[in-house]
Amino acid sequence: MGFLNFKLIISNLVLLKRGLFMYPLRRNRRLRTNDSIRYLVRETILTPSDFLVPLFVVEGKGIREEIASMPDYYRLSLDNLEKEVKELWNMGLCAVLLFVKVPDNLKDNKGSEALNSNGLMQLAIKTVKNACPDMLVMTDVALDPYSSYGHDGIVENGKILNDETSELLAEMSVSHAKAGADFVAPSDMMDGRVKIIREALEDESYTDTGIMSYSAKYASAFYGPFRDALDSAPVEVKNVPKDKKTYQMDSANRDEALRETRMDIEEGADIVMVKPGLCYLDIVRDIKNTFGVPIAVYQVSGEYAMLKAAAEKGWLNHDAVMMEQLISIKRAGANFIASYFAKDAVKLMG
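Presented here is a report on the structure given in the accompanying data block.

Reading guide: rules and limits
- Along each chain, residues carry numbers from 1 onward, in the same order as the chain's sequence is written.
- Since the coordinates come from a predicted model, pLDDT governs what is reported: local features require at least 70, and pairs of side-chain atoms require 80 or more to be given and counted, while whole-chain, interface and lining totals use all residues.
- Note that the side-chain values use all heavy atoms of the structure and ignore hydrogens as well as water.
- In this scheme Phe, Tyr and Trp rings, the latter by its six-membered ring, pair at centre separations within 6.5 Å, and the angle between planes marks the pair as stacked below 30 degrees, edge-to-face above 60, and tilted otherwise.
- Every helix listed is a DSSP run of H or I at least four residues long, and every strand listed is a run of E at least two residues long, numbered separately from the N terminus.
- Between buried and exposed lies partly exposed: a residue is buried under 20% and exposed over 50% of the maximum accessible area for its type, with that area taken using a 1.4 Å probe on protein chains only.
- Two thresholds decide whether a charge sits over a ring: the Lys NZ or Arg CZ must be within 6 Å of the ring centre and within 35 degrees of the ring normal.
- Strand pairing requires that DSSP identify at least two bridges connecting the strands.

### Some thoughts on the packing of aromatic side chains
Then comes step 1: All told, the structure shown has 11 aromatic pairs when counted by the stated rule.
Then comes step 2: When the centroid spacing of 6.0 Å and the interplanar angle of 50° are considered together, the rings of Tyr-298 and Tyr-340 count as tilted. With a gap of 42 residues between them, Tyr-298 in strand 11 (residues 295–299) and Tyr-340 in the loop between strand 12 (336–339) and helix 12 (342–349) connect regions that are remote in the sequence. For the pair shown, Tyr-298 and Tyr-340 are each scored as buried.
Then comes step 3: An aromatic cluster is present here, built from Phe-56, Tyr-73, Phe-99, Tyr-214, Tyr-298, Tyr-304, Tyr-340 and Phe-341 joined pairwise through their rings.
Then comes step 4: Sitting above the plane of the Tyr-223 ring, Lys-217 keeps its charged end 5.8 Å from the centroid.
Then comes step 5: Over the ring of Tyr-223 we find Lys-275; its NZ or CZ atom is 4.9 Å from the centre of that ring.

Shown next as structure tokens:
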């Protein structure tokens, strides 16, 4: 009996010690001990197929022109576009988003050049498809690159016309589909344009052409370098809105993003987009939790330029911060990310 009592006393002392010193039986740090275990239990993983690569196309030949406000990013003529998409494909990057820089002499208030079957966008689509037939091609659908006023719609009496613009966007979308685009991506934020585009594509038998709608696109100050890249900033003249706040969303609004997204889905959008990225990850998670559709996030030019500038000054570790940002976007709920960092990220993935 004495021995059993002794064992009981020891057991009680052990339990008392654990209670006094709070030694945890479960230690979360065990899952952070080394790279191997961290990789094994990682919840969010980036792969090359998580990226949509934005590409800027210009008229001419032999052009690979660095964008001053976007270091290491370029405007490409069609011949260099062909080389670029082949390189992307070989890296495992399988989707591109095309934008065009239109010469000033081809711009007008109605974006007439956007409907040119032999226009730069249409030729760019064909160039990509000829170079890499399996490359997924998405195309920007908005009037601002073609507009003499730099707006996403027709300007009249100081206003951006909604319905008339939407009709033009539908014609533009059909033109892109005829050239071979897999998805059209209306980035304008006109009300009801997804429905009009979907109906136009159906009427022309482009039933397989998808729509990636910029559903929650905010009137953001982060777009500056992009507008430099395409020379598409709103011009400051009389009777022309000085900014895009009458059609792009107010950055203070959250619930409105859900209303916009719901409308686009009901009108026929296959993929919805949130733009910009980092400042709007709460919107990404809201949409993820509410709707069962694929979500794209655009990590915009200002986000890219800020990191490039900080890294150049030696204030931030470029690669570490880049990957952390991209992981955070996917962790928030993005199915894929439109990012100027795509090539850099894939190179790090090895």
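Let us keep going from here.
### Digging into unusual backbone geometry
Then comes step 1: Note that the residue after Lys-275, namely Pro-276, is joined by a cis bond; omega there is 0°.
Then comes step 2: Relative to the helices and strands, Pro-276 resides in the loop between strand 10 (271–275) and helix 9 (281–290).
Then comes step 3: Even without being a glycine, Met-189 presents a positive backbone phi close to 70°.
Then comes step 4: Relative to the helices and strands, Met-189 resides in the loop between strand 8 (183–186) and helix 6 (193–203).
Then comes step 5: Looking at Met-189, the relative accessible area reads 4%, which means it is buried.

### Things to note about the pairing of strand 3 (residues 70–76)
Taken residue by residue, a regular strand's side chains alternate between the two faces of the sheet.
Then comes step 1: As defined by bridge partners, strand 1 (residues 51–58) adjoins strand 3 across 2 bridges and the pair is classed as parallel. Paired with Val-57 across the two strands is Leu-76, which belongs to strand 3.
Then comes step 2: With 4 bridges connecting them, strand 2 (residues 64–67) and strand 3 associate as antiparallel partners. Pairing of Glu-66 across the sheet is with Tyr-74, part of strand 3.
Then comes step 3: In textbook terms, the turn of a hairpin is the stretch between consecutive antiparallel strands, and for strand 2 and strand 3 this stretch comprises 2 residues.

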